[in-house]
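What follows is the residue order along each chain.
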Number of protein chains: 2
Amino acid sequence: MFAIAPALGKANLSASQLKLLAGKARWIFRVCEAGFPTVPTIAITRAAWEELQVERLRRDTRLRNHWVACLFKLVDKDGKPPVLAVRTSASSHNSGLMPARLGIPAPSMPEDAVDPARPLARAIKHAFESYGFPGTAWVSARQEDDRARQIVLVQAMAEGEEQLFLTRNAATGAMGPAPLDGKALPRLPESVDALVALLDAKAGRHMACLVSIDRGDVRFLSARSVLASPGAELEAAVDRVDRKVWAPQSAVNRVDPARLALILHPRLKSPEEVAPIAMGLGVSPGAASGIIVFNPDDAVRLRARGKHCILVVNETGPADIEGMKAATGILTARGGMSSHAGVIARITGKPCVAGVRNLSVDALEMVCRIGEREFRAGDRLTIDGTDGSVYLGALPLAQPQIGGAILRLLNWSDASRSIAVRTNAETVESAQTALSFGAEGIGLARSEHMFFSPERMVALRRMILSEDEDDRSRAIAGLVDFQTGDYSALFSAMRGQPVNVRLFDPPLHEFLPRTDEEIEETAASLGLAVRALRLRLERIAEINPMLGHRGVRLAITYPEILQMQMQAVLAGARAASETQAEPVSVEVMVPFVSTASEVSFVRERATTILDNSGLTRSDRIRFAFGTMIELPRACLRAGDIAGQVDFISFGTNDLTQTTFGISRDDAPAFLAAYQRKGVYERDPFVTIDAKGVGEMIEIAIRRGRQANPRLKIGICGEHAGDPASLRFFAGLGVDYVSCSPYRVPVARLTLAQASA
Amino acid sequence: MFAIAPALGKANLSASQLKLLAGKARWIFRVCEAGFPTVPTIAITRAAWEELQVERLRRDTRLRNHWVACLFKLVDKDGKPPVLAVRTSASSHNSGLMPARLGIPAPSMPEDAVDPARPLARAIKHAFESYGFPGTAWVSARQEDDRARQIVLVQAMAEGEEQLFLTRNAATGAMGPAPLDGKALPRLPESVDALVALLDAKAGRHMACLVSIDRGDVRFLSARSVLASPGAELEAAVDRVDRKVWAPQSAVNRVDPARLALILHPRLKSPEEVAPIAMGLGVSPGAASGIIVFNPDDAVRLRARGKHCILVVNETGPADIEGMKAATGILTARGGMSSHAGVIARITGKPCVAGVRNLSVDALEMVCRIGEREFRAGDRLTIDGTDGSVYLGALPLAQPQIGGAILRLLNWSDASRSIAVRTNAETVESAQTALSFGAEGIGLARSEHMFFSPERMVALRRMILSEDEDDRSRAIAGLVDFQTGDYSALFSAMRGQPVNVRLFDPPLHEFLPRTDEEIEETAASLGLAVRALRLRLERIAEINPMLGHRGVRLAITYPEILQMQMQAVLAGARAASETQAEPVSVEVMVPFVSTASEVSFVRERATTILDNSGLTRSDRIRFAFGTMIELPRACLRAGDIAGQVDFISFGTNDLTQTTFGISRDDAPAFLAAYQRKGVYERDPFVTIDAKGVGEMIEIAIRRGRQANPRLKIGICGEHAGDPASLRFFAGLGVDYVSCSPYRVPVARLTLAQASA
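Bear in mind the structure is a predicted one, so any value in this text is a computation, not a measurement.

**Q** Would you mind going over the overall build of chain A with me for this structure?
**A** Counting its secondary structure elements, chain A contains 29 helices and 30 strands. Here the contacts in chain A between residues at least 6 apart in sequence split such that 69% fall between residues at least 24 apart. Entry remark: accessible area of chain A is about 31100 Å², with carbon and sulfur atoms responsible for 50%. With 89 positive and 86 negative side-chain charges, chain A shows a spacing of 6 Å between the two charge centroids.

See the structure below:
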């Protein structure tokens, strides 16, 4: 029990008392300490209160005397015992807390100050009770300790009118006083400005502030922090630097990267002008609009034609993965946060609304109903996975803009950041987006993505389905030209920043015809009977494609593919180098290796192709050779591998799949139960598993660096966009991370904080 | 150049000369040394011969004088220069070697002894030339050195008749003299017996021996080792112990476990009585006979009815895996050693004949032709994967018998073996086979194999396809009883030896209906519409079942399955304990864990079920709880896991799949190319990859033992039957290995050698 804002003089708290200041108590003490008129307030801890009650049963009075003396600190220079208010002061808001109990008469006798039958002591007792009890029978020592430190405030009643306002605008972050959500701003005297500035500087966040105003005199009553929009938080942080309240580095350290990420999704241009036709759960943030499709194959087909589509299904399953990746957004009738749709959507960064109760889908008839409305394939919808709303038609979307505040913050952040941030991109468009966000190169260009258009797909299928090397070589010849153009454009866009091209990786069957129509088309283009094609397709089908004929295994079994890719990359680099001043910096990366012998096999052939290309490393093209580390064995043998490469880059998705033995696509079937039953604390595909996958990476980095001290080390899995994972990677001393374009700001900020 | 069998006296070779004795030279020296009459012989190395030629060009004579002096060692006490023979003496036989050149006159002048135009020197020159040159342009220092040490023998021509015979019978191993393959045994004087005993003792293997017989006098000419049948080698080894030529431990050390394995396959009872109707490549050894099936589903169905079948296809692919496992043998028209069929057959231990050129299969019409003969489903065939022959009808097979010699050898081997050998078995029949081979317990009983019969499959499908917990519980109730009987029988068969029951492991979908017929049956038994069942099946289909909803994930998501299995195991143990004197020793093993939290989750529930069962550990049932370690993460976290278990057992198959990121079922598509191109030295699914998977195991053992010094450690993957892998495991200090019944002798012998 102690005064945090005495009626006279200063509080002069001891170090242990300062440590007890949680919630409102903290701000009352600090505002008073800074000299702003503050309503007199004392604080009592639960420990002290319980001791007082024990003493009272013993009919002792030593503590009670101390308590009464404390209450006297509320008496101002007039000497009148004030009317009192009792308030809770929780460190986090909780709807069960007792509302302020006002107008309590000051106790007239010392015993009244501790007797729970009397108004003051009763209010204090109720306040402590409202903090609630931990739900479990077993209470840890830590919880016991926290409970003992809970505080109740006894405050003199202020005269005049109480007013509540925000220290900053909740939507824009502009300096307040500002109105509370949905309320008008009360008329406030000018002297409030000083309080607002004081609180903003002390708290460094949006605060709701309660004052009493008595004939123009403002007295501070209490304050608590409030949640503002991520954009407002960002603007406020930058504004505090402009006001010299914070050094730039403080702004960098105090903006939460996870909140920053929320600014970086597409959103509705004018949400206030439209009403949703249905609401579900927003399970993966961002808005998306497009043509309705009811099955994954249609999504793939539309995507290949450059159309946006919304995949509408009752629920998704592993067979829908390719369709989900191809769709712009996903809408499901069933499921929640940990449904298959939710998990996959968040990982792949697709907006997703799940569990829309009045949606029913008949996939066979290709029709769905939302309430009374009927939709067919080809109709348009817009969804917002941030709040779960569904809108009629294709509404205009605002693409995330990297505004002035974010740019300034990120520029400051560069001062303390030592790890480079690159992006995963294979189109000029996404490369440019990433550059505008400050990407310092491309860390992963998935070369197979260049085949996602109908004509190229036909050529690719011809190559995959060739029965012998000759056939294959002919099919390949047609594939080099357009790739050369793609690479040249990509290199030019990056203006001398490094571009990492990953050799062909996914299981070939992902590119094979699936529907009857596609099979007929492909058979015709190959001059094969449909039945013969079906047999061939059956023969190359795989049981576990994730662990199948992919990555480096393709480069070794079909050296023609390697030849084609190297030719295209080198020709593209030459073309780009002829149109720009900066040298082109190309990195060729071999995926999915498990032995050093695979690396040396490909390296030898790649080197031969490079040697025969007429380009040399001293040319205006810089060429580096490296490998992706995404299998446990590659981690263990990183020493052998490192001697043969210029760089390694960790593919943390596949490394998580193999280290855990979990197929990400199939995991939703049990991951929800795992999290519900507490078997996993978090989804290892969202935040890197430091104790398992993380140790694999550590082992590889240690062995790799030991064998090759000049080895460059990167991370290119989706974890590179997750703040918690990024902090872990920073601790490992990697040279760069590579994430999706919209995650570049998140990575820059997180890594700046981690290096500071 | 030196005498290895001088006409007079002993050879008295220096240490460096002794080292040069390769091939025949070695036996000539040792027989002569032992005092048996031997034809006088001298040896000259290529190094010496080339120096002689260089000296000759320089017109020097120092070395030549030495050479001529050497030739004089062939002159017997009569002082007559003998007629000569020149022979090669390679350490391994090679068809290009020069046949013995006989009847060469002794050189009359010193120059004749080195002049390649004269008969002796010409024969020596030709002999050296016939050794051939290494094929590559680049010759290693080691190869150069080996070449310099090549030897040619110059021998006095023996008078009398030359005779060739074996030291032991090639088929039975009985002591010789014995006839060469397909020849009659020549008439030999009794004194040959001493030579046979001498050579057998010196060489310790079957030898072909050349002697000259002159009026009853036997003189030794040369000898070389020959390959006998594995059974003959074994009998000979045991016989040498009986003759006190070897100590028992020498017999144990000198029998090759890989050759021993060849005795342990089923074979034709009377191959001499039948002629094959076709020949292919024997790509996986052993004989099999049964009903012809043309597709994997029929194989699965027949197996469920307890029938033997031969899967006959043009070639196999990943979709055929289950059918291959269900078939008794596999016959393919295409492919070779590294075809999909060959690889999978060897791993699963199925006899397989591949690449039968005059076989053609029409799977749709369910008919095949071998030459002119036509076969339909239901006809019978017999194949022998040891030599690639195919026979008409189901011929009687001889199951491998563990005869007297093998038992004696294995009993000797136990003296030096410190690692226990258990077996992988879930039926009483295979348990008894393994016991007869000396298995010391069951290290892996795959509980799901108890569902491989039509009625049980129906019940199991009902459980898997239940939509909620109630449905599932009802379906499960019917599954406990017959399992109890199975476990009770298995525990009784093992008479107190430990039995390790692995909880339900494989992806559920492996048990789901596939054909239209099965789907209709299942729908009827579930009271579901066929269309609804198809939808449900689609929803639970997995992309990568190997990394999907299996192992411990099933026990956690469907606790009813765990409950059912524990109940059945405990009831079975109780029943067995009531009929036998020995306490029942049960180990329950949780498969496919990646975190300690999974282990503790299952352990808690299993312990509760045990506590409620009325059985206690002090009862006549010993109960242990452990986990399979088959994922990289489990290896890294073995310390956390070890604190919660009594034992761990490595599943090296799955650990190889995840460490390499290779699906064993899909690997044949690239593994052949990998081995052909030298990327992999050996198939990691046959011999454990010491540098990757092996390090994973080492890490786990170190961390596991550190956390729990009483931890029992086993190996239960198929590698536990491979000699090279077993030697590696022995070095890690595991407590036991567990292999298929027919591999138990191989493991006992290999581990005895490794521990010696």
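**Q** Is there a simple way to think about the side chain of Arg259 of chain A in this case?
**A** All names here are of chain A. Tracing the backbone through its elements, the reader meets Arg259 in helix α10 (residues 257-263). Taking relative accessible area as the criterion, Arg259 reaches 18% and is therefore assigned buried. Polar contacts involving the side chain of Arg259 include one to the main-chain carbonyl oxygen of Ala228, which spans 2.6 Å. When neighbours within four sequence positions are excluded, Arg259 is seen to be in contact with Leu227, Ala228, Ser229, Pro230 and Glu233.

**Q** How should the sheet that holds strand β19 (residues 373-376) of chain A be read in this particular structure?
**A** Whether parallel or antiparallel, the strands of a sheet pair through hydrogen bonds between backbone atoms. Residue and element names in this part refer to chain A. Strand order in the open sheet formed by three strands is β17-β18-β19, with antiparallel pairing between adjacent strands. Here the strands that pair on one side only, and so sit at the sheet edges, are β17 (359-362) and β19. In this sheet, adjacent strand axes meet at a mean angle of 20° when their direction is disregarded. The sheet contact formed by strand β18 (residues 367-370) and β19 spans four bridges and is antiparallel. What sits directly across from Ile370, in β19, is Arg373.

**Q** Hey, could you run me through the interface of chain B and chain A in this one?
**A** Many structure descriptions define interface size as the accessible area lost when the parts assemble. Across the boundary between the two partners, chain B contributes 56 residues, which contact 56 residues of chain A. Summed over both partners, the interface of chain B with chain A buries about 4700 Å², with 57% contributed by carbon and sulfur atoms. For chain B, the biggest contributors to the area lost against chain A are Ile543, Leu547 and Arg633 of chain B; these three give 13% of the whole. Our count for the contact surface shared by chain B and chain A stands at four salt bridges. Residues Asp689 of chain A and Arg633 of chain B are paired through a salt bridge, measuring 2.6 Å at the closest nitrogen-oxygen approach. At the junction of chain B with chain A, the criterion picks out 30 residue pairs in polar contact (both at pLDDT 80 or more). Within the residue set of the side of chain B that touches chain A, elements represented by two or more residues are α19 (530-540), α20 (552-557), α22 (596-611), α23 (632-636), α25 (652-660), α26 (668-676) and α27 (693-707) of chain B. When grouped by side-chain class, the residues that make up the side of chain B that touches chain A number 27 nonpolar, 13 polar and 16 charged.

**Q** How should the pattern of salt bridges be read in this particular structure?
**A** Close approach of charged atoms lets side chains of opposite charge pair. Tallied over the full model, the rule gives 76 salt bridges over all chains. Here Arg408 of chain B makes a salt bridge to Asp242 of chain B, at a shortest N to O gap of 2.7 Å. Of this pair, Arg408 of chain B sits in helix α14 (residues 404-414) while Asp242 of chain B sits in helix α8 (residues 230-242), placing them 166 residues apart in sequence. Under the relative-accessibility criterion, Arg408 of chain B is labelled partly exposed at 35%. Counted as one network, the salt bridges with shared partners bring together Arg168, Asp200, Asp239, Arg240 and Arg243 of chain A.

**Q** Would you explain the relation of the copies chain B and chain A in this entry?
**A** For these two chain copies, the linking operation is a rotation about an axis paired with a shift along it. Between the two copies, chain B and chain A, the superposition gives an RMSD of 0.2 Å; the rotation angle is 180° and the shift along the axis is 0.0 Å. Read as a symmetry element, the transformation amounts to a two-fold axis.

**Q** What's the story with the pairing of β17 of chain A in this structure? I'm lost.
**A** Along any regular strand, the residues point their side chains to alternate faces of the sheet. All names here are of chain A. Residue alternation in β17 divides its side chains into a buried set, Leu359 and Val361, and an unburied set, Ser360 and Asp362. Sheet topology places β17 next to β18; four bridges connect them, and they run antiparallel. Opposite Asp362, over in β18, you have Val367 as the bridge partner. Once β17 ends, the chain turns through four residues before running back antiparallel as β18, passing Met366 with a positive phi of about 55°.

**Q** Even after reading the chapter, I still don't get the nonpolar core, so can you show me in this structure?
**A** Proteins that are soluble and globular tend to have nonpolar side chains buried together. In terms of nonpolar packing, the biggest core is built from 256 residues, with Phe491, Phe650 and Val737 of chain A together with Phe491, Phe650 and Val737 of chain B touching the most fellow members. Apart from residues lying up to four places away in sequence, Val737 of chain A is in contact with Ile419, Ala420, Val421, Arg422, Ile715, Ala720, Leu726, Ala747 and Leu751 of chain A.

**Q** Quick question: what am I supposed to make of the pairing of strand β27 (residues 621-629) of chain B here?
**A** Residue and element names in this part refer to chain B. The buried count for β27 comes to eight of nine residues, which makes it a mostly enclosed element. Inspection of the sheet shows strand β26 (residues 584-590) paired to β27 by seven bridges, in the parallel sense. Paired with Met589 across the strands is Gly626, a residue of β27. With four bridges connecting them, β27 and strand β28 (residues 647-650) associate as parallel partners. Within the sheet, the bridge partner assigned to Thr627 lies in β28 and is Ile648.

About the cut-offs
Residues numbered from 1 in each chain as written. Chains lettered and ligands numbered in written order. Predicted model: local features only at pLDDT ≥ 70, side-chain atom pairs only at ≥ 80, totals over all residues. Heavy atoms only, no water. Helix = DSSP H or I, 4+ residues; strand = E, 2+ residues; numbered from the N terminus. Contact = heavy atoms within 4.5 Å. Areas by Shrake-Rupley, 256 points an atom, 1.4 Å probe, with all protein chains shown as cover. Lys, Arg positive; Asp, Glu negative; His and termini not counted. Charge placed at Lys NZ, Arg CZ, Asp CG, Glu CD. Buried < 20%, exposed > 50% of the residue type's maximum accessible area, 1.4 Å probe, protein only. Polar contact = N/O pair within 3.5 Å; in protein donor to acceptor, adjacent residues only side chain to side chain. Pairing = 2+ DSSP bridges. Axes fitted to C-alpha atoms, helices over the stretch in contact; angles between N-to-C directions. Buried area = accessible area lost by both parts, 1.4 Å probe. Salt bridge = Lys/Arg side-chain N within 4 Å of Asp/Glu carboxyl O. Nonpolar A, V, L, I, M, F, W, Y, C, P; charged D, E, K, R; others polar. Least-squares fit on C-alpha atoms with pLDDT ≥ 70 in both. Core = buried A, V, L, I, M, F, W, Y, C linked by side-chain atoms within 4.5 Å.

Geometric descriptors of this kind do not, in isolation, establish any biological role.
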